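Remarks on the overall topology
Below, each chain spelled out in residue letters.
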Amino acid sequence: MKIGFIDFYLCEFHAENYPAWFAEIAQKTGQDIRVVSAWAEEEVSPVDGRTSQDWSALTGVPVRRTVQEVCNESDCLLILSPDNAENHLRYAEAVLPYGKPVYIDKTFSPDFKTGEQIFSLAEKYGVPLCSTSALRCAEEIASVQGDARSIVTFGGGGSFERYAVHQLEMIVKAMGVGAKRVMALSSGASKSFSIDYGGGRSASLHYVPGAPFCVGIEGADGVPHYYEIVSDYFRRLMEEIVVFFQSGKVCAPKEQTLEIMRLRDACVEAEGAPWQFFEIR
């Protein structure tokens, strides 16, 4: 399996670690799974000034001059740019015509409308497409089936706009689709949101910068469970990506990925007017 990377800039956490984690799976399973090449729109990281060549020296993966070279060399493609989701549609437009399976890193899209456009492109070209936050793959919530009565999530990250996806991924995995409205209960550096599903089902999201990820779930049977997320969810994500590339089986259904984008849009809108419900559109 030859994997190609498409990124905004390569000296970032995901691009730096994914090649080694894919190599671990290859060693464990006896398969030939490799990141064979990468392309980045920006040669120099705007965060720390390191270059694509620095990344290549670190990972051992060659950097190509064009997207076309990477697509031609690869069996499947991974669009990264994890902190710049606004690039994902442009990158999808460039790689989807090659007809190869594509995984798009979190956050899938900058908004719901753009997410719909990306999926429409994948359908146009008949390309298997998948996207998820690594938190969906946490061992602590592996048995969640989308029929929970309620869920409370807690966690942080660099900014709410970029890191809300992690909590929303767990919420949608537990609750399924069909959220009806969102209310912001607080704003500022720390934020809280209430999500109403109707029929007595609800979710609460609490974002606190620097906080660990935790989740409390009341299952369909009414039994509550609390977990601090401590499992190695990134390596479990790599395993899910390999399964997807090999079989087309997605760990995150399209409907749930788009639901997450709807909820993210609604939370951002609701934050501007606390204590008012905003309908999920």
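Being a predicted model, the structure only gives us computed values, none of them experimental.

1. Digging into the pattern of salt bridges
Using the criterion set out here, one finds 16 salt bridges in the structure. Between Arg-50 and Asp-48 there is a salt bridge; the shortest N-O distance is 2.8 Å. Residue Arg-50 is classed as partly exposed on the basis of its relative accessible area, which comes to 30%. Counted as one network, the salt bridges with shared partners bring together Glu-16, Asp-48 and Arg-50.

2. Quick look at the sheet that holds strand β1 (residues 2-7)
If you walk across this open sheet you meet the five strands as β2-β1-β3-β4-β5, and the pairing is parallel. Looking at strand neighbours, the two that pair on one side only are β2 (34-40) and β5 (129-131), the edges of this open sheet. Each neighbouring strand pair of the sheet contributes to a mean axis angle of 20°, computed without reference to strand direction. Relative to strand β4 (residues 102-104), strand β3 (residues 76-79) runs parallel, the two being bridged by three bridges. Across the sheet, Leu-78 pairs through a bridge with Tyr-103, a residue of β4. Those strands touched by helix α4 (residues 88-95) are β1, β2, β3 and β4, and its axis lies near 165° from that of β3.

3. Quick look at the layout of surface pockets
Empty space among the atoms becomes visible once a probe the size of a water molecule is rolled across them. Considered as a void within the structure, the largest pocket measures approximately 300 Å³ in volume. Taken together, 16 residues line the largest pocket, and the ones lying closest to its centre are Arg-136, Ala-142, Lys-173, Glu-240 and Cys-251. Broken down by class, the residue content of the lining of the largest pocket amounts to eight nonpolar, three polar and five charged.

4. Side note on the side chain of Ser-133
Along the chain, Ser-133 turns up in the loop between β5 and β6 (150-155). Residue Ser-133 is classed as buried on the basis of its relative accessible area of 0%. Only 3.0 Å separates the side chain of Ser-133 from the backbone nitrogen of Leu-135, close enough to count as a polar contact. In this view, Ser-133 contacts Lys-106, Val-165, His-166 and Glu-169; residues no more than four positions away in its chain are not counted.

Thresholds, definitions, all that
Residues numbered from 1 in each chain as written. Predicted model: local features only at pLDDT ≥ 70, side-chain atom pairs only at ≥ 80, totals over all residues. Heavy atoms only, no water. Salt bridge = Lys/Arg side-chain N within 4 Å of Asp/Glu carboxyl O. Buried < 20%, exposed > 50% of the residue type's maximum accessible area, 1.4 Å probe, protein only. Pairing = 2+ DSSP bridges. Helix = DSSP H or I, 4+ residues; strand = E, 2+ residues; numbered from the N terminus. Axes fitted to C-alpha atoms, helices over the stretch in contact; angles between N-to-C directions. Contact = heavy atoms within 4.5 Å. 1 Å grid on protein atoms, 1.4 Å probe; cavity = no way out; pocket = protein on both sides within 12 Å on 5 of 7 lines; lining within 4 Å. Points joined across faces, edges and corners; volume = space filled by probe spheres on them. Nonpolar A, V, L, I, M, F, W, Y, C, P; charged D, E, K, R; others polar. Polar contact = N/O pair within 3.5 Å; in protein donor to acceptor, adjacent residues only side chain to side chain.

Nothing here speaks to function; it is geometry throughout.
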